[in-house]
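Remarks on the overall topology
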Amino acid sequence: MKLQKRKKFIKGNLICGIILLLTGTILELYTGITTIFQGNIKGINLNLTEINTSYNNKKDPLVKEVVYNDDPSWAFPTSTNYNITSSYSNYHPAIDIVTTDGNTNVYAANSGVIVTDSYKWDGGNYLVLQQDNGYYTLYCHLSSKTVTVGQRVEKGQIIGIMGRTGFATGVHLHFSVWNGYPYENSTHINPFDFY
Ligand SMILES: [Zn+2]
């Protein structure tokens, strides 16, 4: 080979080599990036599976949390912005509640059945609720009632409106809790034992 041709041959081979090298590097880079991407996608899928699994595992307890009847706590029978004007004692086996926010709704302290809807000279318009948890609650001096005897009520449901019927000097709720039907061989309990 003449010198001129040999130079051209070497030059050609060099260019070919550089092209091959570059192609190889690009291919390698591409493969590397693809692998990283696929790895991440696999990771994301795994995480999603984990989230789904943990969500499914938690589903049941979450539903149970909002089921009220299993809740041992009591609902306050009026708005929680209140003053106690007469506290619990053996002479006054109840609490007298006056609200300070103008809300006169009376709420069922717990789920149960209304067993008495009546009127007495002292208690005025009153309701007795037999609760599912075995206790009885008494609500006196109501101006009106939104439930009737035999009706099932849920904890926190409005059962009447506070008033001053019967022996009362102002609008308030006389609220008491009993172990057994009120005043009939039963014992009264301080309502604040439950709040
Ligand atoms: Zn009272």
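In this report, we go over the structure that sits alongside the text. (Residues numbered from 1 in each chain as written. Predicted model: local features only at pLDDT ≥ 70, side-chain atom pairs only at ≥ 80, totals over all residues. Heavy atoms only, no water.)

Some remarks on the environment of glycine 163
Checked against the element boundaries, glycine 163 lands in the loop between β8 (158–162) and β9 (173–179). The exposure class assigned to glycine 163 is buried, which follows from its relative accessible area of 4%. Separated by 59 residues in sequence, glycine 163 and threonine 104 have C-alpha atoms that sit 8.0 Å apart. Apart from residues lying up to four places away in sequence, glycine 163 is in contact with His141, Leu142, Ser143, Gly170, Val171 and His172. (Helix = DSSP H or I, 4+ residues; strand = E, 2+ residues; numbered from the N terminus. Buried < 20%, exposed > 50% of the residue type's maximum accessible area, 1.4 Å probe, protein only. Contact = heavy atoms within 4.5 Å.)

A short note on the coordination of the zinc ion
Within the protein, His92 (NE2), Asp96 (OD), Asp96 (OD) and His174 (ND1) serve as the donor atoms for the zinc ion, at 2.0 to 2.6 Å. Geometry at the zinc ion is irregular, judged from the four donor atoms that bind it and their angles of 55 to 159 degrees at the metal. (Donors = N, O, S within 2.8 Å, 3.2 Å for Na, K, Ca; no water. Tetrahedral: all angles 85-135°; square planar, octahedral: opposite > 155°, others 65-115°.)

A look at the pattern of salt bridges
As enumerated under the stated definition, the model contains four salt bridges in all. Between lysine 145 and aspartate 117 there is a salt bridge, with its nearest N and O atoms 2.5 Å apart. With lysine 145 in strand β6 (residues 136–145) and aspartate 117 in strand β4 (residues 112–120), this residue pair connects regions lying 28 residues apart in the sequence. Relative accessible area serves as the criterion here: at 22%, lysine 145 is assigned to the partly exposed category. The shortest N-O distance in the salt bridge between aspartate 132 and arginine 152 comes to 2.6 Å. Here arginine 152 lies in strand β7 (residues 152–153) and aspartate 132 lies in the loop between β5 (124–131) and β6, a separation of 20 residues in the sequence. We classify aspartate 132 as partly exposed; its relative accessible area is 48%. The partly exposed category is assigned to arginine 152, whose relative accessible area is 40%. (Salt bridge = Lys/Arg side-chain N within 4 Å of Asp/Glu carboxyl O.)

Description of unusual backbone geometry
Peptide bonds are trans in most cases, and residues, glycine excluded, mostly fall at negative phi. Here histidine 141, not a glycine, exhibits a phi torsion of approximately 70 degrees, which is positive. Mapped onto the secondary structure, histidine 141 falls in strand β6. A relative accessible area of 4% means that histidine 141 is categorised as buried. Its identity is not glycine, yet tyrosine 183 carries a phi of approximately 70 degrees, on the positive side. According to the relative accessible area criterion, tyrosine 183 is exposed, its value standing at 52%.

Keep in mind that these numbers describe shape and distance, not what the molecule does.
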